[in-house]
Amino acid sequence: MPFNLPGVLVPFHLLINPRLIVPSLVVKDIRQLDFPALYKAGYRGAVFDKDNCLTIPHEDRLVPELTDAWRECRETFGPGNVLIVSNAAGSHLDVGEIEAESVSHHLSAPVLRHPSLKPSYSCIKSIRAYFASLPRPIKDEELVIVGDRLLTDIILANRMTRRAPPSLSQAHEDNTEKGMLEDSNSRARPSAERVGPLAVWTEGLWKRENLVLRGLEGGMLKGVEKWVLKPQEAAWYESLQQRFVKPVPLPATKDVVKEGWVRKLVRRFKS
């Protein structure tokens, strides 16, 4: 694993703003995301991590179980509006951009070329530049950012929040007075002053790795949820879960046919 200085410095940032580690949505994998509902709510683009989110770590092919969900995502948001941002493929560690080309080929989506690793502000700048260059530019608050790591993917998404324009902030305050936690387009945060991407944490693993670090991340998140989040914030996150998350996909099961005593007798006779 490459040394990630921006990632190492994240805990110090969390001392100042612990809410950076809190995801907007928590899903097992991307099959639980309701992409049409997200589009209807105003989201127009998506950013995905690669390893343990779309692929098995260090492989370039999509996990077969995600084929239908990945197709639905790309069809919902449109060509070019779904971007893969990895700390391997497309980064300065990807010599000759060979891995980026392979990932883009296998996943049928562009891979961001970026000089600094997630969750650095330099990487955020590259993401913003990509979506601003599209024929129909996409704003931060119109993005869904999906990844399996709290200290990189979720921190990156939450660092992209910014102060809301006065009109949006005022609309949120008016709705709050009516007992609503969301603004008219369902993208305002519990705090009326800030808007940004929807941060989605995929907690399921296609291959177990970095379990100690993942355990520490999970412990930090539980601590923030218990000691920092206010009740109205927790209610807001729960409302997002209900609106944009589908039930966990159940594995296919085969019908079990009970064997009667006659069949058992015949089988024993034949054997």
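Here the structure is shown first, and the text comes after it.
Notes on the structure in this doc start here. Computed from a predicted structure; not experimentally measured. (Residues numbered from 1 in each chain as written. Predicted model: local features only at pLDDT ≥ 70, side-chain atom pairs only at ≥ 80, totals over all residues. Heavy atoms only, no water.)

This part covers the overall build of the protein chain. A count of helical and extended segments in the protein chain gives 10 helices and seven strands. Residues classed as buried in the protein chain amount to 47% of the 271 residues present. Sequence-distant contacts in the protein chain: of pairs separated by 6 or more residues, those separated by 24 or more amount to 77%. By element, 58% of the accessible surface of the protein chain is carried by carbon and sulfur atoms, the whole surface being about 14800 Å². (Helix = DSSP H or I, 4+ residues; strand = E, 2+ residues; numbered from the N terminus. Buried < 20%, exposed > 50% of the residue type's maximum accessible area, 1.4 Å probe, protein only. Contact = heavy atoms within 4.5 Å. Areas by Shrake-Rupley, 256 points an atom, 1.4 Å probe, with all protein chains shown as cover.)

A separate point is the packing of aromatic side chains. Evaluation of the coordinates by the stated rule reveals six aromatic pairs. Ring geometry for tyrosine 39 versus phenylalanine 77: centroids 6.4 Å apart, planes at 55 degrees, classification tilted. On the criterion of sequence distance, the pair formed by tyrosine 39 in helix 2 (residues 35-40) and phenylalanine 77 in helix 3 (residues 67-77) is long-range, its members being 38 residues apart. The partly exposed category is assigned to tyrosine 39, whose relative accessible area is 33%. (Phe/Tyr/Trp six-rings, centres within 6.5 Å; stacked < 30°, edge-to-face > 60°.)

Further remarks concern the state of the cysteines. With the rule as written, the count across this model stands at zero disulfides. There is no disulfide at cysteine 53, and the cysteine sulfur nearest it, in cysteine 73, is 9.9 Å away. Overall, cysteine 53 belongs to the buried group, its relative accessible area being 2%. Judged by its relative accessible area of 0%, cysteine 73 is buried. (Disulfide = S-S within 2.5 Å.)

This part covers helix 5 (residues 121-132). Taking 1.5 Å of rise per residue, the 12 residues of helix 5 would be expected to cover 16 Å, and the 16 Å separating its terminal C-alpha atoms lies within 8% of that figure. All of the buried residues in helix 5 are Cys123, Ile124, Ser126, Ile127, Tyr130 and Phe131. Viewed end-on, helix 5 has its buried residues packed into an arc of 160 degrees, placing them on one side of the element. What points out from helix 5, more than 90 degrees from its buried face, is the exposed set Lys125 and Ala132. Here the buried face of helix 5 lies against strand 2 (45-48), strand 3 (82-84), strand 4 (143-147) and helix 6 (150-159). (Expected span 1.5 Å × (residues − 1). Arc of directions from axis to C-beta.)

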